Amino acid sequence: MNKRKGIRISKRITAVCASAAIVAAMSIGAYATDIGGIQKKVNIWLHGEQTEAVVDIKQSEDMTEYELKYTDESGEEKEIHGGGVVIDGFGGQRALTEEELMEHIGSGQPTLEHGDDGSVWVYYKDYKENITDKLNENGCGECEIEFDDAIIYVNIDPNGDETISTTPKN
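Residues numbered from 1 in each chain as written. Predicted model: local features only at pLDDT ≥ 70, side-chain atom pairs only at ≥ 80, totals over all residues. Heavy atoms only, no water.

On to the overall build of the protein. Of the regular secondary structure elements, the protein holds 2 helices and 11 strands. Looking at the 170 residues of the protein, the share that counts as buried comes to 25%. Sequence separation of 24 or more characterises 24% of the internal contacts of the protein that already satisfy a separation of 6 or more. Accessible area for the protein stands at about 12,600 Å²; split by element, carbon and sulfur atoms hold 50% of it. (Helix = DSSP H or I, 4+ residues; strand = E, 2+ residues; numbered from the N terminus. Buried < 20%, exposed > 50% of the residue type's maximum accessible area, 1.4 Å probe, protein only. Contact = heavy atoms within 4.5 Å. Areas by Shrake-Rupley, 256 points an atom, 1.4 Å probe, with all protein chains shown as cover.)

This is the structure in C-alpha cells:
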C-alpha cells in the first residue's frame, strides 16, 4: 500500500489564511498612504551653515508643498513650510515636480530673519549680512545684494509683507 506522508490542510483553512494575508497587506498599504508623502534627508543652508534636515513632500494636482524639519544650534526642533506652482507664459499653472522642489530647496535660497534688537539679516548659503541700515526707520524699504552667482532683491513694505527674490548671474 502506498502511503502519503505530510500535513493535509483543508481548503477552508487555506482560504482563511489567504484572506488574513490580504487584509494584513492592505492595512500596511493604508498605513503607508496615511504617512502622506515623500520623506528625504537633505543638507540645506540655514543661517549661513549647512544643516541636515528631513523634507516631507506632499504633491497634489494643484500644488506641491513641503515641510522641512531640522534641529537648531540650541537643540530645538524647528520646521519650515513652503510649496509652489509653476506658471507658464500663458498663465497656465501646474504643481511643481518633486525634482523642481528639491532643486529649489537644495539651491541655498536666501532668507530673512528679524533679530530681537530690530535688526534685519539676509542669509544666502554661507553668507549673512545685516541690512538694517539699508531700510528706513520703520524697517521698510528695498535693497539689492550682489554675489558671485546671483543678485538678491529684498523688499519689506509697511504692512510687514516681505519679498525676497534671486536673479542668477550669467
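Next comes the rest of the description.
The 5 strands lie next to each other as β1-β2-β3-β4-β5, forming an open sheet whose pairing is antiparallel. With partners counted over all chains shown, the strands left at the sheet margins are β1 (38–46) and β5 (93–95), one partner each. With direction set aside, neighbouring strand axes in the sheet form an average angle of 30°. Sheet topology note: the strand β4 (residues 77–87)/β5 ladder contains 3 bridges and is antiparallel. What sits directly across from isoleucine 87, in β5, is glutamine 93. Where helix α2 (residues 98–106) meets the sheet, its contacts fall on β1, β2 (49–59), β3 (64–71), β4 and β5, and the angle it forms with β2 comes to roughly 155°. (Pairing = 2+ DSSP bridges. Axes fitted to C-alpha atoms, helices over the stretch in contact; angles between N-to-C directions.)

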